[in-house]
There are 2 protein chains.
Amino acid sequence: MSDASRMASIAALLGDPARANILSALMDGRALTAKELAFAARVSPQTTSGHLAKLTEAGLLDAARQGRHRYFRLASPLVGQMLEAVMAVAGPDERHGAPWRGGEALRTARTCYDHLAGRLGVGLADTLVARGHVVLGTDGGEVTADGQAFLRDFGADPPAGRRVFCRPCLDWSERRLHLAGRIGAALANRCFALGWLERHRDSRAVRITAEGQAGLVEVFGVRL
Amino acid sequence: MSDASRMASIAALLGDPARANILSALMDGRALTAKELAFAARVSPQTTSGHLAKLTEAGLLDAARQGRHRYFRLASPLVGQMLEAVMAVAGPDERHGAPWRGGEALRTARTCYDHLAGRLGVGLADTLVARGHVVLGTDGGEVTADGQAFLRDFGADPPAGRRVFCRPCLDWSERRLHLAGRIGAALANRCFALGWLERHRDSRAVRITAEGQAGLVEVFGVRL
DNA sequence: CGCACGCTTCGGCCGCCACCGAACCGTGCG
DNA sequence: CGCACGGTTCGGTGGCGGCCGAAGCGTGCG
């Protein structure tokens, strides 16, 4: 089995439109269920199941059972880089000559469910941890009394509910933790409300406004 | 036409074994004829012609007519990077856990026909130009009297023959010129004879020995 | 000029694979 | 329990695309 034929078998997996849709939907690092991916791929659940089996078999996806669901995510950053590289070649034809910038934008700042990820998300988490406002480990997290006060001052009121309050979330592009749970959502909501961040039209990438640049540096010491 | 479907159509091109062989054969930056590529792909010339048409149509290859031959090469460094990224995902299964290093090795130093390319080839050319030993432009090259003497001292005797003496060759990975022609071959041969370089078993990548490291710095001021 | 050669086009064959309907497990929930 | 639901397996079908033989076109060389 030569280099070329191994490359071909991997590329053939990306070469099917349904599978390409699946991988594309996972490029922001989220973990989605088989059914959600079936919807994204625009094919039936049975067909999707076959595709997912092939992709995990080839090591492109990781699968995790949870209750009666099965969550799929990209198996490694290497896979994401490969997808970006193909996008970079496939992209330029569209608008004008600009290479595909989506990957860079996603790595800088994006939403992950209802909280923030990418360099921005990790940067915020780092600051809060460094200041002793938050304690964050791979298996859980906690907000200190100082942190509660700080976040209240900042205007980040966590929504009421039974969801876990403070939770770590593994960041795909940074390979480090960022802040999830109700407190992660509160932080993100406040940033949007302040006009610091703007949602992109049809991507999970997030644009940082001029006010955002200034505010993030002043309040969190985060400069991107 | 979404990002994902454009990605799929590109990836589908890489996903066929014959086309993967073709692209793989071109990864060192050489330009090969349709027939040579047919041999590399292990399919008939007719079939190869179809594949080459698809690949050039998609912008992955550049074609140049020359006499009754047609030379194909990778259209851009972006394409090479994409191939490397796919190799990086496809490769690790093989030996042990090591990621695929072929791309980096090829960019550092490789043979291009019978002369040297990559950072090494470009570095040598730069030095010779900077010292006034060689004049090199996109449409031709010349060795000065000083250069003749220098190369004689170095032991690089150009083989006799009717081939052009000094010629530039566009380097794929560096996007700059390196030295080809009889003088380029002489330089490469001398480096191999001195034990500065060793050919890799089944790749055009070239290994620089310890003596080579020292000698290249001393004689050419080239450090990689 | 004529043959050889490189490359391309056309036509038809064949195999592979994506796709879905139907039926089958297992989990969760009332 | 029994139903609902997520996910998977199986079987059959259809279509796309790779493949080569044969024939066509242009270039180069004796």
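What counts as what
Residues numbered from 1 in each chain as written. Chains lettered and ligands numbered in written order. Predicted model: local features only at pLDDT ≥ 70, side-chain atom pairs only at ≥ 80, totals over all residues. Heavy atoms only, no water. Contact = heavy atoms within 4.5 Å. Buried area = accessible area lost by both parts, 1.4 Å probe. Salt bridge = Lys/Arg side-chain N within 4 Å of Asp/Glu carboxyl O. Helix = DSSP H or I, 4+ residues; strand = E, 2+ residues; numbered from the N terminus. Buried < 20%, exposed > 50% of the residue type's maximum accessible area, 1.4 Å probe, protein only. Least-squares fit on C-alpha atoms with pLDDT ≥ 70 in both. Pairing = 2+ DSSP bridges. Near = heavy atom within 4 Å. Polar contact = N/O pair within 3.5 Å; in protein donor to acceptor, adjacent residues only side chain to side chain.

The next subject is the interface of chain A and chain B. Taken together, the contact between chain A and chain B spans 30 residues of the former and 31 residues of the latter. For the pair chain A and chain B, the summed buried area comes to about 2600 Å², and 77% of that belongs to carbon and sulfur atoms. It is A:Arg6, A:Met7 and A:Val89 that lose the most area in chain A upon contact with chain B, and together they represent 24% of the buried surface on that side. Between the two partners, chain A and chain B, sit zero salt bridges.

Let us now look at unusual backbone geometry. Residues and elements named next belong to chain A. We note that Arg42 has phi near 65 degrees; this positive angle belongs to a residue other than glycine. Here Arg42 lies in the loop between α3 (34-41) and α4 (45-57). Take Arg42: its relative accessible area is 72%, and that puts it in the exposed class.

This part is about the relation of the copies chain A and chain B. When chain A is fitted to chain B, the best match, at an RMSD of 0.1 Å, comes from turning it 180 degrees and sliding it 0.1 Å along the axis. Both copies are brought into coincidence by an operation consistent with a two-fold rotation axis. Comparing interface residues between copies, 100% of those in chain A also sit at the interface in chain B, which points to an isologous, same-surface contact.

A separate point is the sheet that holds strand β1 (residues 32-33) of chain B. Note on sheets: strands pair through backbone hydrogen bonds, and any given pair is parallel or antiparallel. Residue and element names in this part refer to chain B. The three strands are arranged β1-β3-β2 in an open sheet whose pairing can be described as antiparallel. Each of the sheet's edge strands pairs with one partner strand only, and the pair in question is β1 and β2 (61-66). Both β2 and strand β3 (residues 69-74) contribute to a ladder of six bridges, which runs antiparallel. Counterpart to Gln66 in the pairing with β3 is His69.

With that out of the way, let us pick up the protein's contact with DNA strand C. Close to DNA strand C lie 20 residues; A:Arg19, A:Gln46, A:His51, B:Lys35 and B:Arg70 are nearest. Near the protein, within 4 Å, the atoms of DNA strand C are sugar or phosphate in 72% of cases. Take A:Arg19: an N or O atom from its side chain is 2.9 Å from a phosphate oxygen of DNA strand C. Contact between DNA strand C and A:Lys54: a phosphate oxygen at 3.4 Å from a side-chain N or O atom of the residue. Listing elements by their share of the surface near DNA strand C, those giving two or more residues are α2 (17-25) and α4 of chain A together with α3 (34-41), α4 (45-57) and β3 of chain B. Sort the elements by how many residues they give to the surface near DNA strand C and α4(A) lands first, with four residues.

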